[in-house]
Each structure stands twice: as C-alpha cells, then as structure tokens.
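Read off the chains here:
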Amino acid sequence: MSREVSQHRTLWEEGHEPGRQVVALGLALALTAVVLDQWIVGHVGLLFDVCFVLLCIATALAVRPADFFTVGVLPPMLMVVVFTMLGATHPDAIADPEDGVVQAVVSGLSHHAGALVTGYLLCLAILAVRQRVQTSKRSGSPAPTRTTSG
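Everything numeric in this text was worked out from a predicted model, so none of it was measured. (Residues numbered from 1 in each chain as written. Predicted model: local features only at pLDDT ≥ 70, side-chain atom pairs only at ≥ 80, totals over all residues. Heavy atoms only, no water.)

What about the overall build of the protein chain?
Moving on, step 1. Each helix and strand in the protein chain was counted, giving six helices and two strands.
Moving on, step 2. Secondary structure of the protein chain in N-to-C order comes out as β-α-α-α-α-α-α-β.
Moving on, step 3. Relative to its full complement of 150 residues, the protein chain shows a buried share of 35%.
Moving on, step 4. Sequence-distant contacts, at least 24 apart, represent 74% of the contacts inside the protein chain between residues at least 6 apart.
Moving on, step 5. Looking at the protein chain as shown, the accessible area adds up to about 8,800 Å², and 66% of this sits on carbon and sulfur atoms. (Helix = DSSP H or I, 4+ residues; strand = E, 2+ residues; numbered from the N terminus. Buried < 20%, exposed > 50% of the residue type's maximum accessible area, 1.4 Å probe, protein only. Contact = heavy atoms within 4.5 Å. Areas by Shrake-Rupley, 256 points an atom, 1.4 Å probe, with all protein chains shown as cover.)

What follows is the structure in structure tokens.
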C-alpha cells in the first residue's frame, strides 16, 4: 500500500465569502432562529442560543481573510440588532411585555449572555487559527496537508 499526500485546502483556508454577505447571512439566520424558537416554544430560548453559537462558528469559517475584522465584531452587534428589533416589535419574546425597547434589549442580552460569550469566543478563536494558518502559509512554511491512504 502506498501513501499519497495531496495538497488540499484545509478547513481553515476554505472561507472566501465577502464580509457584507456573511453579515447579511448571519442576520437572516439569526432572525430565522428567532422565528423558529418563537414558533416552537413561544419565546426566544435555548434553540436560539444553540443556533447563535453555531452561526458564530459558521461566519468565522465562511468569511474571506480580508474581512476577518467584520466577522470579528459581528456576534455582539448581531445579537444587539436582533434584540432591538424584537424589543421594538415583540418585547415579550425576550423580556416582560410592558418593558420598553432598551429594557427588553438589556434583559435579552442578560438572559442570552452565555450564548453570546460562547459564540464570540469561538468566533475569535477560529479567526485567530485562520489568521495563523494564513500567516504561516505566506511566510513559506509548508501548507497543512491531508493524507489519504489508498
């Protein structure tokens, strides 16, 4: 049996989407998670949290290297925008029904802080790994390879 070494792009090198498109996709998916969570349980809860963390991971993997900063600041801004929209239109999904927009946003952020911190840390960690792979690739280090046995 011989071993072949092929030069494939690794997971860390795959992202090629422009930052604007990743932001738009992130907002659309976050709002979809809100709708699904409200439809299933009647409020924004655990499903949104899980989807938000997965969304943070996906955006960090999808964005092109030139737009790392855009995605690096996306998670907190995304959650604030989504909760502001909810606070203005349907505050009882994230807070008490009589709460104003600002109070609803603060309540929503405090109730979903775990998902925000987890998603943000994973996003930043993935971007750091991707940056390191890009830097080592530019400095002439051999690119990571996948081996296949045949």
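A word on the confidence of the model for the protein chain
Moving on, step 1. Model confidence for the protein chain is summarised by a mean pLDDT of 88, while 85% of its residues fall at 70 or above.
Moving on, step 2. Counted against residues more than four places away or in other chains, residues 1-6, with its pLDDT under 50, gives 10 contacts. (pLDDT = per-residue confidence, 0-100.)

As for the packing of helix α1 (residues 19-41) against helix α4 (residues 74-89)
To describe two helices that pack against each other, one gives the angle between their axes and the distance between the axes.
Moving on, step 1. Packing of α1 against α4 brings their axes to within 10 Å, and their N-to-C directions diverge by 45°. By the angle class used here, α1 and α4 are oblique. Of the two elements, α1 crosses α4, and the hand of that crossing is right-handed. Along its contact with α1, which presents Val23, Gly26, Leu27, Ala30, Leu31, Val34 and Gln38, the element α4 presents Leu74, Leu78, Val81, Val82, Met85 and Leu86. (Axes fitted to C-alpha atoms, helices over the stretch in contact; angles between N-to-C directions. Parallel < 35°, antiparallel > 145°, perpendicular 65-115°, else oblique. Left-handed = near helix turned anticlockwise from the far one by under 90°.)

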